[in-house]
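Chain by chain, the residues run as shown.
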Amino acid sequence: MTRAWRSVVALSGGVGGARLMHGLSRVLDPDAITMIVNTGDDFEHWGLSVSPDLDTVMYTLADLAHEERGWGLADETFHAFERMAAYGEDAWFQLGDRDLATHLTRTRALRAGEPLHAVTARLCRALSVPCRVLPMCDGPCRTMIETREHGALPFQTWFVRHRTQPTARGVRFDGSPPPAPGVLEAIEAAELVVVGPSNPYVSIDPILSLAGVREALARRPVVAVSPIIRGEAVKGPLAAMITELAGRAPTAGAVAAHYGDLVRAMVVEAGDEGTVTGVPTLGTRTLMRTRADSARLAREVLTFAEALC
Ligand code: FO1
């Protein structure tokens, strides 16, 4: 990577996106990158406002995340969770004891009228997160999964409680608030936009659904990293969703086709290049198991992008 990037924007949701964001935050100047994070997964649980993708990105960027699981904190206990279960409270979504401090702080702030982007900035500062993290919006925009077996389910109910077993026949977003302050400005000022290896349907499409986002991206160079490797999702239900929702085989090419002319180029697993048509494609090792993997992939994406912009 030779170019000194000054303003890169990364769009992400879920664990894969957070890992690439970690890599980007280590190879770029921290002031040169803005993370725009999905909040479609957000929900109320135990009376608390929970923002899983924001917390996954925050914890990952702060080197506090549970490496193997990808969500929650590495150094964690679940005493409160066990006691809540003993009281007969919902016990299908595991909130750890230290993680609870994040949800309590966010919930109190939101109830006091502090917007989500402001409390996110405050939490990131407290955790020494090195770069700017923006929620896609401050207002509610909740991902709903339309399933054959149970009708419309809130995302976490489908993803965690039902373990994505109900067949996803459609995805919709309840709520159309404006993008959070700074989101459109960051995209418009970006030399490059990187779409992380996240689930396009439930992690990236919520961001694209917000007014002005697609139009702003259309004027910028956008490179997407495939979340599908040799026909499989690294994590989660994406392969089945592509089969059901797109009616085609789950390949990197299916992801590229879903994004359409939004992306100028794709980064895919070596060997998957042939599944993508119509855009320049880089094949490399895209599975990120370690922080070194994330930094290497980030460098390769940026070097590849240099030739495009
Ligand atoms: N995912 C699970 O599969 N089971 C859980 O119990 C769980 C708890 C949890 C707590 C905090 C948090 O920030 C994320 C959590 N996740 C859990 C992941 C969550 O469902 C995310 O939405 C997914 O990682 C997809 O983005």
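The model shown is predicted, which means the values in this text are computed figures rather than measured ones.

Calculation criteria
Residues numbered from 1 in each chain as written. Predicted model: local features only at pLDDT ≥ 70, side-chain atom pairs only at ≥ 80, totals over all residues. Heavy atoms only, no water. Core = buried A, V, L, I, M, F, W, Y, C linked by side-chain atoms within 4.5 Å. Buried < 20%, exposed > 50% of the residue type's maximum accessible area, 1.4 Å probe, protein only. Contact = heavy atoms within 4.5 Å. Axes fitted to C-alpha atoms, helices over the stretch in contact; angles between N-to-C directions. Helix = DSSP H or I, 4+ residues; strand = E, 2+ residues; numbered from the N terminus. Left-handed = near helix turned anticlockwise from the far one by under 90°. Nonpolar A, V, L, I, M, F, W, Y, C, P; charged D, E, K, R; others polar. Salt bridge = Lys/Arg side-chain N within 4 Å of Asp/Glu carboxyl O. Pairing = 2+ DSSP bridges. Phe/Tyr/Trp six-rings, centres within 6.5 Å; stacked < 30°, edge-to-face > 60°. Lys NZ or Arg CZ within 6 Å of the ring centre and 35° of its normal. Near = heavy atom within 4 Å. Polar contact = N/O pair within 3.5 Å; in protein donor to acceptor, adjacent residues only side chain to side chain. Areas by Shrake-Rupley, 256 points an atom, 1.4 Å probe, with all protein chains shown as cover.

**Q** So what's going on with the nonpolar core? Residues and values would help.
**A** In this structure, Val9, Leu11, Ile36, Ile187, Leu217, Tyr259 and Met266 are the most contacted members of the largest nonpolar core, which totals 45 residues. Every residue in contact with isoleucine 187, bar those within four places of it in the chain, is listed here: Val9, Ile36, Val213, Ala216, Leu217 and Arg220.

**Q** An account of the packing of helix 4 (residues 97-111) against helix 5 (residues 116-126) is requested, with residue identities and associated values reported.
**A** Across the interface, helix 4 lies against helix 5 with an axial gap of 10 Å and an inter-helix angle of 145°. Here the hand of the crossing between helix 4 and helix 5 comes out right-handed. Of the residues in helix 5, those in contact with Thr102, Thr105, Arg106, Ala109 and Leu110 of helix 4 are Leu116, Val119, Arg122 and Leu123. Here the residues of the contact of helix 4 with helix 5 are counted per class, giving five nonpolar, two polar and two charged.

**Q** An account of the pattern of salt bridges is requested, with residue identities and associated values reported.
**A** Under the defined criterion, the tally for this structure stands at 14 salt bridges. A salt bridge links aspartate 55 to arginine 106, with the shortest nitrogen-to-oxygen separation between them at 2.6 Å. Of the two residues, aspartate 55 is situated in helix 2 (residues 52-61) and arginine 106 in helix 4; the sequence distance between them amounts to 51 residues. The pair formed by aspartate 55 and arginine 106 is uniform in burial state, with each residue classed as buried. Salt-bridge contacts for arginine 296 lead to glutamate 300; the nearest nitrogen and oxygen are separated by 3.4 Å. Here the residue arginine 296 and the residue glutamate 300 both occupy positions in helix 12 (residues 291-306), the gap between them amounting to four residues, near one helical turn. According to the relative accessible area criterion, arginine 296 is buried, its value standing at 17%. Among the charged side chains, a network of salt bridges with common partners joins Arg26, Asp63, Glu67 and Arg291.

**Q** Run through the sheet that holds strand 10 (residues 222-225), naming residues and quoting values.
**A** Taken in spatial order, the seven strands of this open sheet run 5-2-1-9-10-13-14, and their pairing is parallel. The strands lining the two open edges of the sheet, one partner per strand, are strand 5 (132-135) and strand 14 (281-284). The mean inter-strand angle of the sheet, taken between neighbouring strand axes irrespective of direction, is 20°.

**Q** Quick one: what's the story with the sheet that holds strand 7 (residues 151-154), residue by residue and with numbers?
**A** Here three strands make up an open sheet; going across it, the order is 7-6-8 and the pairing antiparallel. Edge positions in the sheet fall to strand 7 and strand 8 (168-174), since each has one partner strand and no second. The mean angle between the axes of side-by-side strands here comes to 30°, regardless of whether they run parallel or antiparallel. Across the sheet, helix 8 (residues 200-208) is in contact with strand 6 (142-147) and strand 8; its angle to strand 8 comes to roughly 25°.

**Q** Provide a residue-level description of the packing of aromatic side chains, including the pertinent values.
**A** Enumeration over the complete set of coordinates arrives at seven aromatic pairs. For the ring pair phenylalanine 43 and tryptophan 92, a centre distance of 6.0 Å and an interplane angle of 40° mean the geometry is tilted. Linking phenylalanine 43 in strand 3 (residues 43-45) with tryptophan 92 in the loop between helix 3 (79-86) and helix 4, this pair joins segments that are 49 residues apart in sequence. No difference in accessibility class separates phenylalanine 43 from tryptophan 92, as the two residues are buried. Aromatic pair phenylalanine 43 and phenylalanine 93: ring centres 4.8 Å apart, planes at 80°, arrangement edge-to-face. Of this pair, phenylalanine 43 sits in strand 3 while phenylalanine 93 sits in the loop between helix 3 and helix 4, and the two are 50 residues apart along the sequence. In this pair, the class of phenylalanine 43 matches that of phenylalanine 93, namely buried. Linked through ring pairs, Phe43, Trp92 and Phe93 together constitute an aromatic cluster. Here arginine 3 stacks its cationic end above the ring of tryptophan 5, 4.1 Å away from the centre of that ring. Arginine 69 extends its terminal NZ or CZ atom over the ring of tryptophan 71, reaching a point 4.3 Å from the ring centre.

**Q** Go over the site of the ligand, please, and point to the residues and values.
**A** Around the ligand, a shell composed of 13 residues is seen, among which Asp41, Asp53, Phe93, Gln94 and Gln156 lie nearest. Interatomic distance of 2.7 Å between a side-chain N/O atom of aspartate 53 and an oxygen atom of the ligand. The contact in question runs from an oxygen atom of the ligand to an N or O atom on the side chain of glutamine 156, over 2.8 Å. Within the complex, the protein chains bury 91% of what would otherwise be the 530 Å² of accessible surface of the ligand. At the level of secondary structure, the elements contributing two or more residues to the shell around the ligand comprise helix 2 and helix 6 (155-161). Per-element tally for the shell around the ligand: the top contributor is helix 6, with four residues. Looking at the shell around the ligand, its residues break down into seven nonpolar, three polar and three charged.

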